[in-house]
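Architecture at a glance
Each chain is listed here by its residues.
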Amino acid sequence: MEGQFKVIIVGGGPIGLLAAHTLHRAGIDFVLLERRLSIVEDVGASIVLYPQTFRVLHQLGIFETLFPLGTEIDHHLSFTKDGKVFKESPKFQKIRDIHGYGLTVFHRAELLRVMYDCLPEASKTKILTGKKLENIEAHDDGVIVSCADGCVFQGSMVIGADGVHSTTRRLMRKIALTDNPSRDWDSEQPYKSTFRLLYGAFPASSPPGQGYDVQSSGKSSMYFSGHRHGWFFLYDKLPRQTTESKRYNEKEVETLAGEFADFPLTQTLKVKDVWANMSATGLTDLQEGVVKNWSLGRIVLVGDSCHKFTTHLGLGLNNGVQDVVVLCNDLGARVREAPDECPGADALVQVFERYETTRKSPDCSLMGDWENSGLETRMHTWSSTFYWLLSRWLAVWSFGEYLILRFMKSPSFQKARVLDFIPASDIMKGNSPWLYQMEEPEKMR
Ligand SMILES: Cc1cc2nc3c(=O)[nH]c(=O)nc-3n(C[C@H](O)[C@H](O)[C@H](O)COP(=O)(O)OP(=O)(O)OC[C@H]3O[C@@H](n4cnc5c(N)ncnc54)[C@H](O)[C@@H]3O)c2cc1C
């Protein structure tokens, strides 16, 4: 396959769109294939973004449009399910002090819209909807990708950003096991679910900036209030752990909402008070896992296709952003130095291996973030006496929480990378330095 180096991105979720922005800025041609008919779909979810992600969005020119649409979370309460407040903490303000910006909640649909709108017009023409990946042919000199509508695309490599049920991951597995059936590979359903999650959005019903949680045995909830929306997340422990992905019907949604009806969202608001006004809801099993194989030949995975977190800490998407940063920093450099700016198969394999090794190493926060997310979910659902003790006693002790934030969480946020080929002034500065600094504009050549 002759011609210019070209990346085929599969999936137009937040991480696929971020890859599109990043490749555009790296001067690398791409096409993005999204199976839905529209990039912006309102499923009723919120997204909390961390300051390390803002730095990357700032480099890409997205932050300035996006940030005013968000609401900084600045008040935390923990309740028992009968409404007793057992913890009020300044943890959100502390994160802002340490890292310069606080945790900020966005309506997911608005995040997607802004990410799409901020693409230059020439890049928007490369975002193709109604293109459901069906097959990938891997060749020594490139890839051929076919979609359900019969369209075929040729490229130099594939980035699979097609989410938790990734077809790219499934096809990669098929190619690997066709080549060598005894090869050690991830199973077809690599993630496990121990909890399910009912989430939804409704018109703002309390002052903005609240980030509250309710804890009980086997069930927990979270609530965020924005300027225009409120969002809740209702967690329910499954009868048994599963790798299957179940589709829930309306009746199951209503039944579960009924079980949570008297859960408090705030000191005055309960789930049943907002249920009739929901603008959108979703019920999904909450997959967890980090896949063993992130790439094969010219195919590589990013985002939820290669790691899936529980949602308690809001770190899944934030980690997908770091995937794109680490992958594209190296890929961009290899493209710039390659003859005809077209790195060969061996060079790509090396880039993908370095990317996976880096992301899974202690130099990045991925594995720790994944573990901490699962820990938080188990603490909030009092999954054993140990988790109950941690949540109801250790984490309630404000000095204990300070120690966790200062010496565990913040050091891991500090490891976050930035794009090394985009000069920008770092506007996110708190009282702890980032380990990876941005190149200031005047220092770049
Ligand atoms: C309720 C909820 C709240 C969350 N809150 C947070 C939070 O606050 N902070 C945070 O960091 N993370 C959060 N997460 C996790 C976050 O949503 C995911 O980590 C993030 O969406 C992953 O992005 P992605 O682009 O990898 O995958 P996705 O968002 O799943 O996007 C994948 C895209 O690929 C497309 N696709 C799938 N198959 C194909 C195919 N065969 N061909 C073409 N296209 C295909 C899909 O249509 C989709 O558009 C939350 C998750 C949930 C469910």
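Here the residue numbering is sequential within each chain, running from 1 through the sequence in written order. For this predicted model, a pLDDT threshold of at least 70 governs which residues receive local features, and a threshold of 80 or more governs which side-chain atom pairs are given and counted, while totals over whole chains, interfaces and linings are taken from all residues. Calculated side-chain values reflect all of the structure's heavy atoms, with hydrogen atoms and water omitted.

As a further point, take the site of the ligand. The immediate surroundings of the ligand are formed by 33 residues, with Glu34, Arg36, Val48, Arg108 and Asp304 found nearest. In the environment of the ligand, an oxygen atom lies 3.3 Å from a nitrogen or oxygen atom belonging to the backbone of Gly316. By the criteria applied, helices consist of DSSP H or I runs no shorter than four residues and strands consist of E runs no shorter than two, each listed in order from the N terminus. For the shell around the ligand, the elements supplying multiple residues, two or more each, are helix 1 (14–26), strand 3 (46–49), strand 13 (192–203) and helix 10 (316–337). Grouping the amino acids of the shell around the ligand by side-chain chemistry returns 14 nonpolar, 11 polar and eight charged. Note on definitions. A residue lies near a molecule or strand when any single heavy atom of the residue is within 4 Å of it. Polar contact criterion, stated in full: a pair of N or O atoms within 3.5 Å, where within protein one must be able to donate a hydrogen and the other to accept it, and residues adjacent in sequence count only if both atoms are side-chain atoms. Each residue receives one of three labels: charged for Asp, Glu, Lys and Arg, nonpolar for Ala, Val, Leu, Ile, Met, Phe, Trp, Tyr, Cys and Pro, and polar for the others, Gly being one of them.

Let us now look at the sheet that holds strand 8 (residues 127–128). Each pair of strands is called paired provided DSSP finds at least two bridges between the two strands. Strand order in the open sheet formed by six strands is 8-2-1-12-19-18, and the pairing between neighbours is mixed. Two strands close off the open sheet at either side, each with one partner strand: strand 8 and strand 18 (295–296). Bridge count for strand 18 against strand 19 (residues 299–301) is two bridges, and the pairing is antiparallel. Its bridge partner being in strand 19, Ser295 is matched across the sheet by Val300. The contact rule is simple, with two residues in contact once any of their heavy atoms fall within 4.5 Å. Lines are fitted to the C-alpha atoms to define the axes, a helix being fitted only along its stretch in contact, and any angle between axes, read from their N-to-C directions, falls within 0 to 180 degrees. Against the sheet, helix 11 (residues 345–360) makes contact with strand 12 (157–160), strand 18 and strand 19, and its axis sits at roughly 15° relative to strand 19, the strand it touches most.

The next subject is the nonpolar core. Each nonpolar core is a collection of buried residues, namely Ala, Val, Leu, Ile, Met, Phe, Trp, Tyr and Cys, held together in the definition by side-chain atoms within 4.5 Å. Partly exposed residues are those whose accessible area sits between 20% and 50% of the maximum for their type, while under 20% is buried and over 50% is exposed, using a 1.4 Å probe and protein chains only. Counting residues in hydrophobic clusters, the biggest one holds 103 residues, and the most contacted among them are Val7, Ile8, Ile9, Leu23, Leu49, Met157 and Leu331. The element best represented in this core is helix 10, accounting for nine residues. Residues within four places of Ile8 in sequence aside, it is in contact with Val31, Leu33, Val143, Val145, Phe153, Gln154, Gly155, Met157, Val158 and Ile159. Counting residues in hydrophobic clusters, the runner-up holds 23 residues, among them Leu198, Leu256, Val274 and Met278.

Quick look at the UniProt feature "domain: FAD-binding" (unreviewed entry) in the protein chain now. UniProt positions are given in the numbering used here, feature names are shortened, and annotations may be inferred rather than shown by experiment. The UniProt feature table records "domain: FAD-binding" (unreviewed entry) at residues 5–170 and 270–340. Split by type, residues 5–170 is 32% helix and 33% strand. Its first and last C-alpha atoms lie 25 Å apart. End-to-end, the C-alpha atoms of residues 270–340 are 61 Å apart, and along that stretch the chain is 37% helix and 25% strand.

We now examine helix 1. The span expected for a helix works out to 1.5 Å for each residue beyond the first. When the terminal C-alpha atoms of helix 1 are compared, their 18 Å separation across 13 residues agrees well with the 18 Å that a helix rising 1.5 Å per residue should span. With 11 of 13 residues buried, helix 1 is to be regarded as a mostly interior element. Along helix 1, the positions that sit buried rather than exposed are Pro14, Ile15, Gly16, Leu17, Leu18, Ala19, Ala20, His21, Thr22, Leu23 and Ala26. Gly27, located one to two residues past helix 1, shows a positive phi value of around 75°.

The next thing to look at is a positive patch on the surface. Together, Arg35, Lys132, Arg170, Lys174 and Arg247 give the surface a local cluster of positive charge. Overall, the relative accessible area of 78% leaves Arg247 in the exposed class. Residues enter patches when their relative accessible area tops 30% and they take part in no salt bridge; the joining distance is 9 Å for like charges and 5 Å for the nonpolar side chains Val, Leu, Ile, Met, Phe, Trp and Tyr. Accessible surface is estimated by sampling points in the Shrake-Rupley manner with a 1.4 Å probe; for residues, cover comes only from the protein chains shown. In what follows, salt bridge is the name for a side-chain nitrogen of Lys or Arg lying within 4 Å of a carboxyl oxygen of Asp or Glu. Under the counting rule used here, the positive set is Lys and Arg, the negative set is Asp and Glu, and His together with the chain ends is not counted. A charge is said to be at NZ when it belongs to Lys, at CZ for Arg, at CG for Asp and at CD for Glu.

Tallied over the entire structure, the rule returns 22 salt bridges. Two residues, Glu259 and Lys219, come together in a salt bridge whose shortest N-O distance is 3.0 Å. Taken together, the positions of Glu259 in helix 8 (residues 250–259) and Lys219 in strand 15 (residues 219–225) put the pair 40 residues apart, joining distant regions of the chain. When its relative accessible area of 16% is taken as the criterion, Lys219 is described as buried. Here the residues in one salt-bridge network are Arg196, Lys219, Asp236 and Glu259, joined through shared partners.

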